[in-house]
Amino acid sequence: MTQKLEPKLERLEKIMSRLGYGARRDVPHWIREGWLTVNGEKPKSASVKVYAGDVELDGEPLDHPFGLTVIYHKPLGTVCSRKEEGRIIFEDFPERWLDRKPPLSSVGRLDKETSGLLIVTDDGQLNHYLTSPKHHISKTYEVTLDSPLQGNEVETFASGTLMLEADDKPCLPAELMITGEKTVQVVLHEGRYHQVRRMFAAVGNHVTALKRTHTGNLSLESLNLQAGDYQTIEVEALKQLIG
Ligand code: URA
């Protein structure tokens, strides 16, 4: 698990490298040019130990020096992992963020053909907190189906007995709200691979569109983020919104 980053003294060259600004070897040049300051003063060397929060580059404070967490509206057709084929979600973020250490990763995954609310963070403890079943953080999805509902899906999903192909345990009870002949909202309390699609396959239907609308109490709609947009947030504020 990645440790949460706290303000501590670090070598200037290390700070610039771990925040994705460039290689350690570039830092002496930036100092010579007068681009870097620490508490408004020109640093004496690239290896001087300083607090990242005191550093400015071109008169600007460094970008999220102690951790970066993002609420993101994942568009359709993008992938969350480099192991999958397609345009990766990180392309929607500033290029420099890709070079940060620890790296950004999504909290769980949404499949390529699923859109909606996705949290992306470099904070391993937060990632663990949001995905651990212990914390009971629900996920809500809007689903469009190929065939009309048969009538027994609400009970089947709530029963705690629905088995998915290739799994050895039934799904936890899930709440299904019918919103139309072929549309539903489903609330899950666990996160299995392609879970919503597989739950509907298990009752003989097929998902044609899928969007995550909430993580816990946090709703995508309340944030007014268009597909591909994101906003950064502090960890404690995010936990409050999720509830
Ligand atoms: N369930 C799915 O089938 N896909 C997702 O991306 C998320 C939940």
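Rules and cut-offs
- Residues numbered from 1 in each chain as written.
- Predicted model: local features only at pLDDT ≥ 70, side-chain atom pairs only at ≥ 80, totals over all residues.
- Heavy atoms only, no water.
- Phe/Tyr/Trp six-rings, centres within 6.5 Å; stacked < 30°, edge-to-face > 60°.
- Lys NZ or Arg CZ within 6 Å of the ring centre and 35° of its normal.
- Pairing = 2+ DSSP bridges.
- Helix = DSSP H or I, 4+ residues; strand = E, 2+ residues; numbered from the N terminus.
- Buried < 20%, exposed > 50% of the residue type's maximum accessible area, 1.4 Å probe, protein only.
- Polar contact = N/O pair within 3.5 Å; in protein donor to acceptor, adjacent residues only side chain to side chain.
- Contact = heavy atoms within 4.5 Å.
- Near = heavy atom within 4 Å.
- Areas by Shrake-Rupley, 256 points an atom, 1.4 Å probe, with all protein chains shown as cover.
- Nonpolar A, V, L, I, M, F, W, Y, C, P; charged D, E, K, R; others polar.
- Domains from an automatic or database assignment.
- Salt bridge = Lys/Arg side-chain N within 4 Å of Asp/Glu carboxyl O.

Here we come to the packing of aromatic side chains. Applying the stated criterion to the full structure yields six aromatic pairs. Taking NZ or CZ as reference, Lys-239 lies 4.4 Å from the ring centre of Tyr-129, over its face.

Sheet topology places strand β10 (residues 114–121) next to strand β14 (residues 207–215); three bridges connect them, and they run parallel. Residue Thr-114 lies in a different strand from β14, and its bridge partner there is Leu-210. One ladder, built from seven bridges, connects strand β11 (residues 139–145) with β14; its direction is antiparallel. For Thr-140, the partnering residue across the bridge sits in β14 and is His-214. Across two bridges, the pairing between β14 and strand β15 (residues 218–219) is antiparallel. Paired with Thr-215 across the strands is Leu-218, a residue of β15. The turn joining β14 and β15, which pair antiparallel and follow one another in sequence, is formed by two residues; a positive phi near 55 degrees is taken by Gly-216.

All right, on to the side chain of Thr-213 then. Tracing the sequence through the fold places Thr-213 in strand β14. Under the relative-accessibility criterion, Thr-213 is labelled buried at 9%. Here His-214 takes part through its side chain, which lies 2.8 Å from a polar atom of the side chain of Thr-213. Discounting chain neighbours no more than four positions away, the residues touching Thr-213 are Leu-117, Thr-140, Tyr-141, Glu-142, Leu-218, Ser-219 and Leu-220.

So, on to the pairing of strand β13 (residues 183–188). When β11 meets β13, the two strands line up antiparallel, connected through six bridges. Looking at β13, one finds that Glu-142 is bridged to Gln-185. Two elements, strand β12 (residues 175–178) and β13, share four bridges in a ladder whose sense is antiparallel. When the bridges of β13 are listed, Leu-176 appears paired with Val-186. What sits between β12 and β13 in their antiparallel hairpin is a turn of four residues.

Moving on: the site of the ligand. The full set of residues close to the ligand is Leu-110, Asp-111, Thr-114, Tyr-141, His-194, Gln-195, Val-196, Arg-197 and Leu-210. With respect to the ligand, the backbone of His-194 contributes an N or O atom lying 3.2 Å from an oxygen atom. Backbone polar atom of Val-196 to a nitrogen atom of the ligand: 3.0 Å apart, as the coordinates give it. Contact with the protein chains hides 96% of the accessible area of the ligand, taken as 240 Å² for the molecule alone. Looking at the shell around the ligand element by element, the count peaks at three residues for helix α5 (residues 195–202). Tallied by class, the residues present in the shell around the ligand amount to four nonpolar, three polar and two charged. For the shell around the ligand, the domains that each give at least three residues are domain 2 (69–132 + 218–242) and domain 3 (138–215).

Let's shift gears to the pattern of salt bridges. Applying the stated criterion to the full structure yields nine salt bridges. The shortest N-O distance in the salt bridge between Glu-10 and Arg-18 comes to 2.7 Å. The same class applies to Glu-10 and to Arg-18, which are both buried. When the shortest N-O distance is used, the salt bridge between Arg-87 and Glu-91 registers 3.5 Å. A residue is classified by how much of its surface remains accessible, and Arg-87, at 35% relative accessible area, is partly exposed. When salt bridges with common partners are traced through the structure, they connect Asp-167, Glu-190, Arg-192 and Arg-198 into a single cluster.

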